[in-house]
Amino acid sequence: MEALILYYDDTYPSVKEQKAFEKNIFNKTHRTDSEIALLEGLTVVYKSSIDLYFYVIGSSYENELMLMAVLNCLFDSLSQMLRKNVEKRALLENMEGLFLAVDEIVDGGVILESDPQQVVHRVALRGEDVPLTEQTVSQIYLFSLHPPSGYEFFWNFPNNLLGP
C-alpha cells in the first residue's frame, strides 16, 4: 500500500508504467541493507522503518548526498512528529503531517528545506492556523493535551447533566 507517491516529471507518464517502476524498485531494494541504488538510469536513495519504505529518486546526474539529505529530512521530521514511532499505523493516523512535511521539504521537485527541525516547526505552525471547524479530531485532541501558551480549555457541564 502506498501512502504518498509524487512524480515531478514525465519519465513514467502512465499509471501502468509508474506501478511497474514502483514494483521494480521495491523488488530490488527491500531485501538489501544499502541505502543507494542505480536503477533504470535513476539514482534511488531509500530507508526502511519497521513496515515502511521511504524512497527519494533523482536522475543519474543528481547529487546522491542531496537526495539523501531530503530523505533524512523527511524521515527525521516524521520521527519527531510521530514521537519516534515511525510505522504504518502511526503514519496513517497522521497523514496530514506527512503531506505538510513533504510540502515544506520539496515543491515541484525543487528542494526547499533539509533541516528537520525547521520542517517540524513549520508544520506545527501550519497546523495551528487551521480553524477549529476544519481540524481533524486528532488535531483537536493533541491541541487540548498540549495547548500553546495563552490558551486554556475549561470543560463546564451544567450540574443537572452530571446528576445528583
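For the structure itself, look to the data block above.
Note that the structure is predicted; figures quoted are calculated from it, not measured. (Residues numbered from 1 in each chain as written. Predicted model: local features only at pLDDT ≥ 70, side-chain atom pairs only at ≥ 80, totals over all residues. Heavy atoms only, no water.)

1. Considering the packing of aromatic side chains
According to the stated counting rule, one finds four aromatic pairs in the structure shown. Considering the side-chain rings of Tyr12 and Phe21, the 4.3 Å spacing of their centres and the 20° angle between planes classify their relative orientation as stacked. Across the pair, Phe21 and Tyr12 agree in class, each one buried. Ring centres 5.5 Å apart and planes at 85° place the aromatic pair Phe54 and Phe75 in the edge-to-face group. Of the two residues, Phe54 sits in strand β3 (residues 52–59) while Phe75 sits in helix α2 (residues 64–81), which places them 21 residues apart along the sequence. Each member of the pair, Phe54 together with Phe75, is buried. (Phe/Tyr/Trp six-rings, centres within 6.5 Å; stacked < 30°, edge-to-face > 60°. Buried < 20%, exposed > 50% of the residue type's maximum accessible area, 1.4 Å probe, protein only. Helix = DSSP H or I, 4+ residues; strand = E, 2+ residues; numbered from the N terminus.)

2. Re the sheet that holds strand β1 (residues 36–39)
A sheet is described by the order of its strands in space; here three strands give the open sequence β1-β2-β3, paired in antiparallel fashion. Each edge of the open sheet carries a strand with a single partner, namely β1 and β3. Taking each pair of neighbouring strands and ignoring which way they run, the sheet shows an average axis angle of 30°. Where strand β2 (residues 42–49) meets β3, eight bridges bridge the pair, whose relative direction is antiparallel. Its bridge partner being in β3, Lys47 is matched across the sheet by Phe54. On the sheet, helix α1 (residues 15–29) packs against β1, β2 and β3 and is oriented at approximately 115° with respect to β3. Of the strands in this sheet, β1, β2 and β3 are in contact with α2, which crosses β2 at around 25°. (Pairing = 2+ DSSP bridges. Axes fitted to C-alpha atoms, helices over the stretch in contact; angles between N-to-C directions. Contact = heavy atoms within 4.5 Å.)

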